[in-house]
Amino acid sequence: MDEGPVARFDRYMLSQLMMLFGFFALVLVLVYWVNSAVQLFDQLVADGQNLSVFLELTMLTLPALIRLVLPIAGFAAALYVTNRLSSDSELTVMQATGFSPWRLARPVLIFGLVAGLLTGALTLVINPLAHARLADRQAEIARSATARLLQEGEFLSPVDGITIYIRDITPEGELRDLLISDSRDPDETVTYTASSAYLVETATAPQLVMIDGLIQVLRPGVARLATTRFNDFAFDLAPLTSASESGSRRPREISTLELLRGAPETLEATGRSAAQLAAEAHDRVAGALLAAAAPLIGFATLLTGGFSRFGVWRQILAAIGLIIVVQALESTVTSALRGDPERWPLIYLPGLAAFAIGTAALALSARRRRGVST
């Protein structure tokens, strides 16, 4: 007889949590996305890219943004729904029927499990794939941007200290009468001249292969000019683009299983130790754990206040303070792991602490109810 209304209440509360969770996640993603999209749009416009490239890169950055806001959205949804149910006396009615805080927390725990699974899917699977694709596309864009920098009849300065001039570019892609001045080193200025050159794509970055030229090195401190003639010479264009990092892999671009295996080729490609890769993999799992625990803090902390005509604003402030403490603990653990990756089990401390806080708040609420009942 009693299970029917309670089950309906569970479904009702869970539906409210999911609806508000989606709303808060959407708002937070839009806020973060606008900030990052403006910078990305300016960069792509400067590189001469079209709208389709902007949309593609934006979609590839969305999983990371969503993963970032999901724990906050889950906490905010639990806080808002619990506050509204408390203000409307719905929680008070359910407690008056004899249901403990532990029983009322069931839909919140189910909601936390859903939020944790969503976050886990993003961190463990989707994010690494998106980051890997994003790195490939950025390398391609950087190489194409470098090619567009090579314009005939103009002095171009793609970065500070480097000036490029090409007299003519043939339909076959031959660069005629090339000049490159490199003054990035304050102690010397290097000038490259060549009768012809070709743009060659490599695995890391484009290179200019110059034919029949001269290298002049001027050192102002000693007032001496050194010259060297060459038949062919390759000038690396990596300093002109971000493609210089394309030859190495970042841990965030690698699948979770590959991180945990720590194969020698993975260590060599990333330049990281096995402990650092393991810490990255476990950090992804810990993110899902924290997302699952955050709603419990919001619900349980507000439940300690009971019904009050003045609302539960003090409990709301306490819940916000507790989630800030958990976030601060996460930052502290991250900083500690930078110095010693071998201590990666500490990554799970913020999520476990969040569950402990929520459990303690539920226990406090249940004890207060027993005190009132007696």
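Quick caveat, the model's predicted, so the values are computed rather than measured. Each chain carries its own residue numbering, running from 1 in the direction its sequence is written. Residues qualify for local features only when their pLDDT is at least 70, as the model is predicted, and side-chain atom pairs are given and counted only at 80 or more; totals for whole chains, interfaces and linings, by contrast, use all residues. Side-chain figures throughout are based on the complete set of non-hydrogen atoms in the structure, without hydrogens or water.

On to the overall build of the protein chain, then. Strands are runs of DSSP state E lasting at least 2 residues, helices are runs of H or I lasting at least 4, and numbering of each runs from the N terminus. Of the regular secondary structure elements, the protein chain holds 10 helices and six strands. When a residue's accessible area, from a 1.4 Å probe over protein chains only, is under 20% of the maximum for its type it is buried; when over 50% it is exposed; and in between it is partly exposed. Expressed as a percentage of its 374 residues, the buried residues of the protein chain come to 40%. Across the protein chain, every contact between residues at least 6 apart in sequence was considered, and the portion connecting residues at least 24 apart equals 61%. What sets the accessible areas is the Shrake-Rupley method with a 1.4 Å probe; for residues, cover comes only from the shown protein chains. When the accessible surface of the protein chain is summed, it comes to about 19700 Å², and 60% of that surface belongs to carbon and sulfur atoms. Should any heavy atoms of two residues lie within 4.5 Å, those residues are counted as being in contact.

Time to look at the sheet that holds strand E4 (residues 189–200). Two strands pair if DSSP finds at least two bridges between them. Spatial strand order, E1-E2-E3-E4-E5-E6: six strands in an open sheet with antiparallel pairing. Since the sheet does not close on itself, it has two edges, and those belong to strand E1 (155–156) and strand E6 (224–236), each with one partner. Pairing of E4 with strand E5 (residues 207–219), which is carried by 11 bridges, proceeds in the antiparallel orientation. Opposite Thr193, over in E5, you have Leu214 as the bridge partner.

If you look at the biggest cluster of nonpolar residues, it comprises 27 residues, and the most contacted ones within it are Phe9, Met13, Leu17, Phe21, Leu104, Phe299 and Leu362. Those elements giving two or more residues to this core turn out to be helix H1 (3–46), helix H2 (51–87), helix H3 (90–96), helix H5 (106–149), helix H8 (274–303) and helix H10 (349–373). Once residues lying within four places of it in the same chain are set aside, the contact partners of Phe299 are Met13, Ala78, Thr82, Pro101, Leu104, Ala105, Val108 and Leu362. In this description, a nonpolar core means a group of buried Ala, Val, Leu, Ile, Met, Phe, Trp, Tyr and Cys residues linked to one another through side-chain atoms lying within 4.5 Å. In this structure, Ile164, Leu175, Leu208 and Phe235 belong to the second largest nonpolar core, which totals 17 residues.

The next thing to look at is the pattern of salt bridges. What makes a salt bridge here is a side-chain nitrogen of Lys or Arg within 4 Å of a carboxyl oxygen of Asp or Glu, nothing more. The tally for this structure, following the rule as stated, stands at seven salt bridges. The salt bridge partner of Glu174 is Arg176, with a shortest N-O separation of 3.7 Å. Its relative accessible area of 18% is what places Glu174 among the buried residues. Residue classification places Arg176 among the partly exposed residues on the basis of a relative accessible area of 34%. In this structure, Arg284 engages Glu280 in a salt bridge whose closest nitrogen and oxygen atoms are separated by 3.6 Å.

Quick look at a nonpolar patch on the surface now. The grouping of Phe23, Val27, Val31, Tyr32, Leu68 and Ile72 at the surface amounts to a nonpolar patch, some 510 Å² of accessible area in total. Elements supplying a minimum of two residues to the nonpolar patch: H1 and H2. In terms of residues, the nonpolar patch owes the most to one element, H1, which gives four residues. Its location among the elements puts Leu68 in helix H2. Under the relative-accessibility criterion, Leu68 is labelled partly exposed at 42%. Residues enter a patch when their relative accessible area is above 30% and they make no salt bridge; the linking distance is 9 Å between like charges and 5 Å between nonpolar side chains (Val, Leu, Ile, Met, Phe, Trp, Tyr).

Before going further, it helps to spend a moment on the environment of Pro295. The residue Pro295 is located in helix H8 in this model. C-alpha of Pro295 to C-alpha of Phe111: the two residues are 184 residues apart in sequence and 7.8 Å apart in space. The residues contacting Pro295, other than those within four sequence positions of it, are Gly74, Phe75, Ala78, Val108, Phe111 and Gly112.

Turning to unusual backbone geometry, a few remarks are in order. In this structure, Asp177 takes a positive phi of about 55° despite not being glycine. Considering the arrangement of structural elements, one finds Asp177 in strand E3 (residues 175–182). Asp177 gets classed as partly exposed once you look at its relative accessible area, which sits at 35%. If you check the backbone angles, Asp212 has positive phi at about 55° while not being a glycine. Relative to the helices and strands, Asp212 resides in strand E5.

Our focus in this paragraph is the side chain of Glu174. Inspection of the secondary structure puts Glu174 in the loop between strand E2 (162–169) and E3. Leave out the neighbours within four places in its chain, and Glu174 touches Asp168, Ile169, Ser196, Ala197 and Tyr198.

This brings us to helix H9 (residues 313–339). Here the expected length of a helix is defined as 1.5 Å per residue gap, with one fewer gap than residues. Given a rise of 1.5 Å per residue, 27 residues ought to cover 39 Å, and the 40 Å separating the end C-alpha atoms of H9 matches this to within 8%. Every buried residue of H9 is accounted for by Gln315, Ala319, Ile323, Val326, Val333 and Leu337.

Time to look at the packing of aromatic side chains. Only centres within 6.5 Å qualify two rings of Phe, Tyr or Trp (six-membered ring in Trp) as a pair; their planes then separate them into stacked at under 30 degrees, edge-to-face at over 60, and tilted for everything else. Following the criterion strictly, the structure yields seven aromatic pairs and no others. Plain terms: the ring middles of Phe23 and Phe24 are 5.5 Å apart, the flat faces sit at 65° to each other, and that makes the pair edge-to-face. When its relative accessible area of 48% is taken as the criterion, Phe23 is described as partly exposed. In textbook terms, an aromatic cluster arises when at least three aromatic residues are bridged by ring pairs, as seen for Tyr192, Phe230, Phe233 and Phe235.

To continue, consider the confidence of the model for the protein chain. What pLDDT conveys is the predictor's confidence in a given residue, as a value from 0 to 100. With 86% of its residues at a pLDDT of at least 70, the protein chain reaches an overall mean of 83. By mean pLDDT, H3 is the weakest element of the protein chain at 78, and H8 is the strongest at 92. Confidence drops under a pLDDT of 50 for residues 242–246, and excluding neighbours within four residues, the segment shows 11 contacts in the predicted structure.

The next subject is H2. Bend at a given residue is defined as the angle between two axes, one fitted to the seven residues that end at that position and one fitted to the seven that begin there. The largest bend along H2 reaches roughly 35° and is located at Val69, with the proline Pro71 sitting one to four residues downstream. Just past H2, the residue Ser89 takes up positive phi, approximately 65°.

Turning our eyes to something else, we now look at the pairing of E4. Taken residue by residue, a regular strand's side chains alternate between the two faces of the sheet. Inspection of the sheet shows E3 paired to E4 by seven bridges, in the antiparallel sense. Among the inter-strand pairings, Asp182 is bridged to a residue of E4, identified as Val190.

Quick look at the packing of H8 against H9 now. Between N-to-C directions, angles cover 0 to 180 degrees, with each direction set by a line fitted to C-alpha atoms, over the stretch in contact for helices. Here H8 crosses H9 at 155°, and the two axes come no closer than 8 Å. In terms of their interaxial angle, H8 and H9 are classed as roughly antiparallel. In this structure, H8 crosses over H9, and the sense of that crossing is right-handed. Contacts from Leu290, Ala294, Ile297, Gly298, Thr301 and Leu302 in H8 reach Gln315, Ile316, Ala318, Ala319, Leu322, Ile323, Val326, Gln327 and Glu330 in H9. Partitioning the contact of H8 with H9 into residue classes produces 10 nonpolar, four polar and one charged. Roughly parallel means an angle under 35 degrees; roughly antiparallel, over 145; roughly perpendicular, 65 to 115; everything else is oblique. Crossings are classed by handedness, with left-handed meaning an anticlockwise turn of the near helix from the far one by less than a right angle and right-handed meaning a clockwise turn. Amino acids outside the nonpolar list (Ala, Val, Leu, Ile, Met, Phe, Trp, Tyr, Cys, Pro) and the charged list (Asp, Glu, Lys, Arg) are all regarded as polar, and Gly is one of them.

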